[in-house]
Amino acid sequence: MADAWAVLASVADPEIPVLSVVDLGIIRSVGLDSAGALEIGVAPTYSGCPATATIHADIKAALAGAGFSRVVVKSVLSPAWTSDWISAEGRAKLRAYGIAPPAPMTGRNAVDGARIECPQCGSTHTELLSEFGSTPCKALHRCRTCQEPFDRFKCI
Amino acid sequence: MIAEPRALAADKTALFEYVLRLADTSLVLAQRLGAWVGHAPAIEEDLGLANTALDLLGQARLLLAYAGEIEGAGRNEDVLAFLREEGEFRNIALAEQPNGDFADTIVRQFLIDAYQVELYDRLQGSVDTQLAAIAAKAVKETRYHLRYSRGWVVRLGDGTSESHARMQGAIDRLWKYTAELVTADELDSRLHAAGVAPDHEAVVTAWRTRAREAFSEATLDMPAGASYAWFGKQGRHTESLGQLLAEMQYLYRGHPGAAW
């Protein structure tokens, strides 16, 4: 199982390639199913995320390449994925990549738009341009200090 | 593959019908919003409407796949989406109304977003574990949709005299289709009794409050009553649905088995 986790840590998210599927917190379980195949439980980030099928295929291919011959990828809806599951390492990688990481959810109705830090210059003098960005998981912001627009991972 | 008994109390046909209502409303609305791609007034709105459509489509896929599983007749999400006829669709008629101008689209979106937020929030407590799981996922996305559409209701309603007039016109045109939203029929009541569906009255009361508050903030009038008694959720649609389905289904029907 540890080997399988190590392989999964090398599978990149297709939309944000600096993050692995483990950083993203979408790997919910690694185990053997009743037929003895390696079963990976994967939580979708957004219901309609177009990367889901690619992620499943990438996981299978990476594990096959590492010698796991029988792999089953299972979609796990519940509990629903939350941006809180992105690892500390994942958050650091996002920031370094120029995407502001999601703030921790303070409650189920936590509203975005608290102090968002610009990943370029670190200023918190930023504004929301659009709650919907280039992918379902991102919103678009602008830094009023360095004037650069930037993506932010949405809190969900 | 049903691993556990999900809805012991509800009979299969009723549950299938109920899941189709949720699925088809999301699917049809997603199809409508998709038509805005490349045509919205600004790039942010293009992205906002497209992202909302994508979430709705994802929710519809989960729900349709589940409906197919309940039915047990081998119909998967694609077959259910692309090979059913107009009269077999169970979406609320509001979802199928044409895009019109941006005001029409926003009012339609707001009314459905507010409804879905209240519905999915409560559906998380369903005895049907699969529906509860889908609802828990969907409600997070739907809150984003509502913030977006509500934001535009207020900005345009309390905007210029032109934007105000267009918003009020859209509300007055679309409000009649909310009758089926606020009226529980026999199926809604039966599934609530079985613990599958939430209390319709509670959903409607919360929805009405959201609408009243938003319209008031937007200086818009909320019409008194909705009398349109032709219910999409019972398969009786306006002529717009047939046109929408013709476009949505032609590729699948014209090229059976086609894949990307």
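The paragraphs below set out a description of the structure included in this document. (Residues numbered from 1 in each chain as written. Chains lettered and ligands numbered in written order. Predicted model: local features only at pLDDT ≥ 70, side-chain atom pairs only at ≥ 80, totals over all residues. Heavy atoms only, no water.)

Quick look at the overall build of chain B
Move 1: Along its length, chain B carries 11 helices and 0 strands.
Move 2: Helices and strands in chain B line up, N terminus first, as α-α-α-α-α-α-α-α-α-α-α.
Move 3: Against the 2.2 N^0.38 benchmark of 18 Å for 260 residues, chain B shows a C-alpha radius of gyration of 18 Å, consistent with a compact globule.
Move 4: Overall, chain B is about 55 × 45 × 30 Å in size when its C-alpha atoms are taken along their principal axes.
Move 5: Counting across all 260 residues of chain B, residues that qualify as buried make up 55%.
Move 6: A separation of at least 24 residues holds for 81% of the contacts in chain B among residues at least 6 apart in sequence.
Move 7: In the structure as shown, chain B presents an accessible area of about 10900 Å², 55% of it carried by carbon and sulfur atoms.
Move 8: On chain B, the mean spot of the 26 positive side-chain charges and the mean spot of the 37 negative ones are 2 Å from each other. (Helix = DSSP H or I, 4+ residues; strand = E, 2+ residues; numbered from the N terminus. Rg over C-alpha atoms; globule rule 2.2 N^0.38 Å. Buried < 20%, exposed > 50% of the residue type's maximum accessible area, 1.4 Å probe, protein only. Contact = heavy atoms within 4.5 Å. Areas by Shrake-Rupley, 256 points an atom, 1.4 Å probe, with all protein chains shown as cover. Lys, Arg positive; Asp, Glu negative; His and termini not counted. Charge placed at Lys NZ, Arg CZ, Asp CG, Glu CD.)

A word on the sheet that holds strand 5 (residues 126-130) of chain A
Residue and element names in this part refer to chain A.
Move 1: The 4 strands are arranged 4-7-6-5 in an open sheet whose pairing can be described as mixed. Since the sheet does not close on itself, it has two edges, and those belong to strand 4 (99-100) and strand 5, each with one partner.
Move 2: Bridge count between strand 5 and strand 6 (residues 138-143): 4 bridges; the pairing is antiparallel. Counted as the bridge partner of Thr-126 is Cys-143 from strand 6. (Pairing = 2+ DSSP bridges.)

Brief notes about the sheet that holds strand 2 (residues 38-42) of chain A
All names here are of chain A.
Move 1: A sheet is described by the order of its strands in space; here 3 strands give the open sequence 1-2-3, paired in mixed fashion. Single-partner strands in this sheet number two, and they are strand 1 (27-32) and strand 3 (71-75). Each strand axis lies, on average, 20° off the axis of its neighbour in the sheet, ignoring direction.
Move 2: Where strand 1 and strand 2 come together, 5 bridges link them in antiparallel fashion. Looking at the pairing, Ile-27 lines up with Val-42 of strand 2.
Move 3: Those strands touched by helix 2 (residues 52-65) are strand 1, strand 2 and strand 3, and its axis lies near 155° from that of strand 3. (Axes fitted to C-alpha atoms, helices over the stretch in contact; angles between N-to-C directions.)

Description of the side chain of Asp-46 of chain B
All names here are of chain B.
Move 1: Counting through the fold element by element, Asp-46 comes out in helix 2 (residues 43-71).
Move 2: Although Asp-46 is buried, it forms no salt bridge, and the closest oppositely charged side chain is Arg-108 at an N-O distance of 13 Å.
Move 3: In terms of polar contacts, Asp-46 uses its side chain to reach the backbone amide nitrogen of Gly-38, at 2.9 Å.
Move 4: Setting aside anything within four residues of it in sequence, one finds Asp-46 in contact with Trp-36, Val-37, Gly-38, His-39 and Ala-40. (Salt bridge = Lys/Arg side-chain N within 4 Å of Asp/Glu carboxyl O. Polar contact = N/O pair within 3.5 Å; in protein donor to acceptor, adjacent residues only side chain to side chain.)

Notes on the environment of Ile-116 of chain A
Residue and element names in this part refer to chain A.
Move 1: Relative to the elements of secondary structure, Ile-116 occurs in the loop between strand 4 and strand 5.
Move 2: Residue class for Ile-116 comes out buried when judged on its relative accessible area of 8%.
Move 3: Sequence separation between Ile-116 and Leu-128 is 12 residues; the distance between their C-alpha atoms is 9.0 Å.
Move 4: In this view, Ile-116 contacts Ala-100, Ser-123, Thr-124, Thr-126, His-141, Phe-150 and Arg-152; residues no more than four positions away in its chain are not counted.

Looking at a nonpolar patch on the surface
Move 1: A cluster of nonpolar side chains, Met-1, Trp-5 and Leu-32 of chain A, forms an exposed patch at the surface whose accessible area comes to about 310 Å².
Move 2: Relative to the helices and strands, Leu-32 of chain A resides in strand 1. (Patch = residues over 30% accessible without salt bridge, like charges linked within 9 Å, V, L, I, M, F, W, Y side chains within 5 Å.)

Considering the pairing of strand 3 of chain A
Move 1: Sheet topology places strand 2 of chain A next to strand 3 of chain A; 5 bridges connect them, and they run parallel. Pairing of Ile-40 of chain A across the sheet is with Val-73 of chain A, part of strand 3 of chain A.

Structural notes on the pattern of salt bridges
Residues and elements named next belong to chain B.
Move 1: Under the criterion given, the structure shown has 24 salt bridges over all chains.
Move 2: Here Arg-190 ties to Glu-186 by a salt bridge, and the two come within 3.1 Å at their closest N and O atoms. With a gap of 4 residues between them, Arg-190 and Glu-186 both fall in helix 9 (residues 186-193), about one helical turn apart.
Move 3: Under the relative-accessibility criterion, Arg-190 is labelled partly exposed at 36%.

Some points on the packing of helix 1 (residues 12-34) of chain B against helix 5 (residues 102-123) of chain B
All names here are of chain B.
Move 1: Viewed as axis vectors pointing N to C, helix 1 and helix 5 meet at an angle of 150°, and their least axial separation amounts to 12 Å. Compared by their axis directions, helix 1 and helix 5 come out roughly antiparallel. Helix 5 is crossed by helix 1, and the crossing has left-handed handedness. Residue-level inspection shows Tyr-18, Leu-22, Thr-25, Ser-26, Leu-29, Arg-32 and Leu-33 of helix 1 in contact with helix 5, the latter providing Thr-105, Arg-108, Gln-109, Ile-112, Gln-116, Leu-119, Tyr-120 and Leu-123.
Move 2: Here the contact of helix 1 with helix 5 is composed, by residue class, of 8 nonpolar, 5 polar and 2 charged. (Parallel < 35°, antiparallel > 145°, perpendicular 65-115°, else oblique. Left-handed = near helix turned anticlockwise from the far one by under 90°. Nonpolar A, V, L, I, M, F, W, Y, C, P; charged D, E, K, R; others polar.)

Scope: geometric values only; no functional claims are made or implied.
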